[in-house]
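# Close look at the chain arrangement
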Amino acid sequence: AQKVTQAQTEISVVEKEDVTLDCVYETRDTTYYLFWYKQPPSGELVFLIRRNSFDEQNEISGRYSWNFQKSTSSFNFTITASQVVDSAVYFCALKRGGETSGSRLTFGEGTQLTVNP
Amino acid sequence: KAGVTQTPRYLIKTRGQQVTLSCSPISGHRSVSWYQQTPGQGLQFLFEYFSETQRNKGNFPGRFSGRQFSNSRSEMNVSTLELGDSALYLCASTLGDTLAKNIQYFGAGTRLSVL
């Protein structure tokens, strides 16, 4: 069975602070994919990043960075110099690997991030 | 290129009725997945359709069903609505299964309220 845990239900920061959202996953698969999505109040899930299980390189995209560590089964997301527009619910998700496994995502509970001016 | 389109955006129904939600995937995408989002259960996978065939199914009762048409558009149906079916229903489309194609893109959802 697959499981994703986002222990932080809500985080509140002041603008320009750095913030890290935690994600821990469980899977027995050797090939899998990890995702982060952002859900603003409008409801649409916006894709942020995908990582496959064979690629442990950290990634930076502007103010966003991701730290993938297989040894601790974690895929954490850091926003540097947060802005009010970053306020949203962020979801971590896990997908089985293999070309016949389908598209099913297992989501964590989500972390509500509020960035105050 | 247009994104994933879901209609309607909002629906109000009463217990016992049935409802049909529609999803148009991104052009060229062949896989469509449906998810239910509620405050209590979070985001849960309902089912996935690929080339008009159901490929994966989540743990939902038979009242929840879906189908996919030859143009990849998908519908989901909920019969005999219950109060607990009130939720945001999200549709996602994927180009394919390989590494280069397996990102799911989501629509804005249909918010269903059952009274």
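Residues numbered from 1 in each chain as written. Chains lettered and ligands numbered in written order. Predicted model: local features only at pLDDT ≥ 70, side-chain atom pairs only at ≥ 80, totals over all residues. Heavy atoms only, no water.

## So, the overall build of chain A
The condition that has to hold: In this description a helix means any DSSP run of H or I spanning at least four residues, a strand means any run of E spanning at least two, and both kinds are numbered starting from the N terminus. Radius of gyration: over C-alpha atoms. The globule rule applied is 2.2 Å multiplied by the number of residues raised to the 0.38 power. Throughout this description, buried means an accessible area under 20% of the type-specific maximum (1.4 Å probe, protein chains only), exposed means over 50%, and partly exposed covers the range between. Every residue pair with non-hydrogen atoms within 4.5 Å of one another is taken to be in contact. Surface exposure here means Shrake-Rupley accessible area, sampled with a 1.4 Å probe, where a residue is shielded only by the protein chains that are shown.
Each helix and strand in chain A was counted, giving zero helices and 12 strands. Reading the secondary structure of chain A in the N-to-C direction produces β-β-β-β-β-β-β-β-β-β-β-β. Against the globule reference of 13 Å for 117 residues, chain A gives a C-alpha radius of gyration of 14 Å, in line with a compact fold. Based on the C-alpha atoms only, the size of chain A along its principal axes is roughly 45 × 30 × 20 Å. Per-residue burial over chain A gives 47% buried out of 117 residues. Partitioning the intrachain contacts of chain A with sequence separation of at least 6 by distance along the chain shows that 57% fall at a separation of at least 24. For chain A, the accessible surface area stands at approximately 5,700 Å², while carbon and sulfur atoms represent 47% of it.

## Thoughts on the pattern of salt bridges
All names here are of chain A. Put simply, the test is: Any Lys or Arg side-chain nitrogen found within 4 Å of a carboxyl oxygen on Asp or Glu counts as a salt bridge.
The full count for this structure, using the stated rule, is nine salt bridges over all chains. A salt bridge links Asp55 to Arg51; the nearest nitrogen and oxygen atoms lie 3.4 Å apart. Residue Asp55 is classed as partly exposed on the basis of its relative accessible area, which comes to 22%. For Arg51, a relative accessible area of 7% puts it in the buried group. Two residues, Asp86 and Arg63, come together in a salt bridge whose shortest N-O distance is 2.8 Å. In this pair, Asp86 is assigned in the loop between β9 (74-79) and β10 (88-96) and Arg63 in the loop between β7 (59-61) and β8 (64-69), connecting sequence segments 23 residues apart. A relative accessible area of 24% means that Arg63 is categorised as partly exposed.

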